Every structure is written in C-alpha cells, then in structure tokens.
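The chain contents come next:
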Amino acid sequence: MHKATIDSLKALIVAMIVLLLACQLFMVPGVARQSAETYADLGYLQTPGIIVAVLFLLCVQVVLVCVWRLLSMVRTSVIFSDNAFLWVDVILCAMVLATLLIGVSMATLASANVASPSVMLLCALGVVVGAGLALLILVLRGLLRNARQLQQDLSEVV
C-alpha cells in the first residue's frame, strides 16, 4: 500500500477521533439535557442515555485506533504477525459491544414505550449492521490467519 494512502487514512482517522470526542463532550450531554427538559417524564433516562451514547462512541474510537495500528503494521510490512490478531480481536470485541449497546437501548426504549417506529427501525438496523460487521471482521480474521500461514509456508520454501 502506498505511503500517501496510509498517511491520508491516518489523517482521516485523527479527524474522526477528534470529532467523536467533541460529540462525546458537547453534543451528547446537550441533546440529553434538552430531551430531558422537553420530556420531563423521561428525565430518568438522561444519565443512562449519556452513558450508553458515550460508550458507543468510545467503541468507534477504539476501532479507529486499532485500524491505525493495523495500517502502521501494513506500512512496515509486519501485518502477518501475531500482534495483528490482537488488534483484530479488539476490533471484534468493540463491534460486539457497540451492537449490544444498541440492542440494550432498543429494549429500554421499547419497554418505556417512548420510541417512535422510525427510531425502533433505526435501532433494529443498527443491530443488524453491527452483527453483520462483526461477522465480516470474523471472516477477515480468518483470511488474515490463512495469509499468515501461506507467508510462513512460502518463507520456509525460500
């Protein structure tokens, strides 16, 4: 992979992490506060909502940091090492946790009977997309394992 491509991806990752951090610090609490004021009977969901939203965004940031590390490994041509599997496993765990957070949020909103059908549909979409991405990461992990084995076999022949 070209150095310019990796550097561009890393710059985008930095921008995404900074924007997500701004959302965690300013947007999520502000929206939660405004929603609690608008719907006073649901004020008890303000703090749990903030916690779940911040944790979800933290999962996204963890994935971005792991992708950064994997890009660094690609750049130095050590992507077929055991260390790469650690970063892929962390991505997989973060994806599963994010999907569970969406599912718990969906169940909470449904049990409180406060979500519109469109919000419930978006939550269901989030669960399906999260599960699909987690399965995709699992498949890509298997491909990485196979590529590492092929590289080891080739290095023994040469």
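Keep in mind that what you see is a predicted model, and the values were worked out from it rather than measured. (Residues numbered from 1 in each chain as written. Predicted model: local features only at pLDDT ≥ 70, side-chain atom pairs only at ≥ 80, totals over all residues. Heavy atoms only, no water.)

Explain the side chain of arginine 148 here, please?
Following the sequence through the fold, arginine 148 ends up in helix H4 (residues 117–157). Beyond its immediate sequence surroundings of up to four residues, arginine 148 is in contact with Phe80, Ser81, Asp82 and Phe85. (Helix = DSSP H or I, 4+ residues; strand = E, 2+ residues; numbered from the N terminus. Contact = heavy atoms within 4.5 Å.)

Just to check I follow, could you spell out the side chain of glutamine 61 for this structure?
Secondary-structure assignment places glutamine 61 in helix H2 (residues 46–75). A relative accessible area of 10% places glutamine 61 in the buried class. With residues up to four places along the chain from it excluded, the contact list for glutamine 61 reads Ile17, Leu20, Leu21 and Gln24. (Buried < 20%, exposed > 50% of the residue type's maximum accessible area, 1.4 Å probe, protein only.)

Got a minute to help me understand helix H1 (residues 3–38) in this structure?
It helps to recall that an α-helix has 3.6 residues per turn; residues three or four apart then point in one direction. The terminal C-alpha atoms of H1 lie 50 Å apart, and with 36 residues this matches the ideal 52 Å at 1.5 Å per residue to within 8%. A bend of about 40° at cysteine 23 is the largest found in H1. Ile6, Lys10, Ile13, Leu20, Gln24, Val28, Ala32 and Ala36 are the residues of H1 that are buried. On its buried side, H1 packs onto H2. (Expected span 1.5 Å × (residues − 1). Bend = angle between axes of the 7 residues up to and from the residue.)

I tried to follow the pattern of salt bridges on my own but got confused; where do I start?
By the definition in use, this model includes four salt bridges. The salt bridge involving aspartate 7 is made with arginine 75; its shortest N-O contact spans 3.0 Å. In this pair, aspartate 7 is assigned in helix H1 and arginine 75 in helix H2, connecting sequence segments 68 residues apart. Residue classification places aspartate 7 among the partly exposed residues on the basis of a relative accessible area of 29%. Owing to a relative accessible area of 37%, arginine 75 belongs among the partly exposed residues under this scheme. A single network of salt bridges, built from pairs that share partners, joins Lys3, Asp7 and Arg75. (Salt bridge = Lys/Arg side-chain N within 4 Å of Asp/Glu carboxyl O.)

Can you walk me through the layout of surface pockets in this structure?
Taking a probe equal in size to a water molecule and rolling it over the atoms shows the remaining empty space. Reported here for the largest pocket is a volume of approximately 1,000 Å³. If you trace the largest pocket, you find 31 residues lining it, with Leu45, Gly49, Ala53, Ser105 and Leu109 closest to the centre. Where the lining of the largest pocket is concerned, the elements lending two or more residues are H1, H2, helix H3 (82–112) and H4. A per-element tally of the lining of the largest pocket places H2 first, with eight residues. A breakdown of the residues in the lining of the largest pocket according to their chemical character gives 24 nonpolar, seven polar and no charged. Quantified by volume, the second largest pocket comes out at close to 580 Å³. Of all elements in the fold, only H2, H3 and H4 reach the threshold of two or more residues within the lining of the second largest pocket. Looking at the lining of the second largest pocket, its residues break down into 22 nonpolar, three polar and one charged. (1 Å grid on protein atoms, 1.4 Å probe; cavity = no way out; pocket = protein on both sides within 12 Å on 5 of 7 lines; lining within 4 Å. Points joined across faces, edges and corners; volume = space filled by probe spheres on them. Nonpolar A, V, L, I, M, F, W, Y, C, P; charged D, E, K, R; others polar.)

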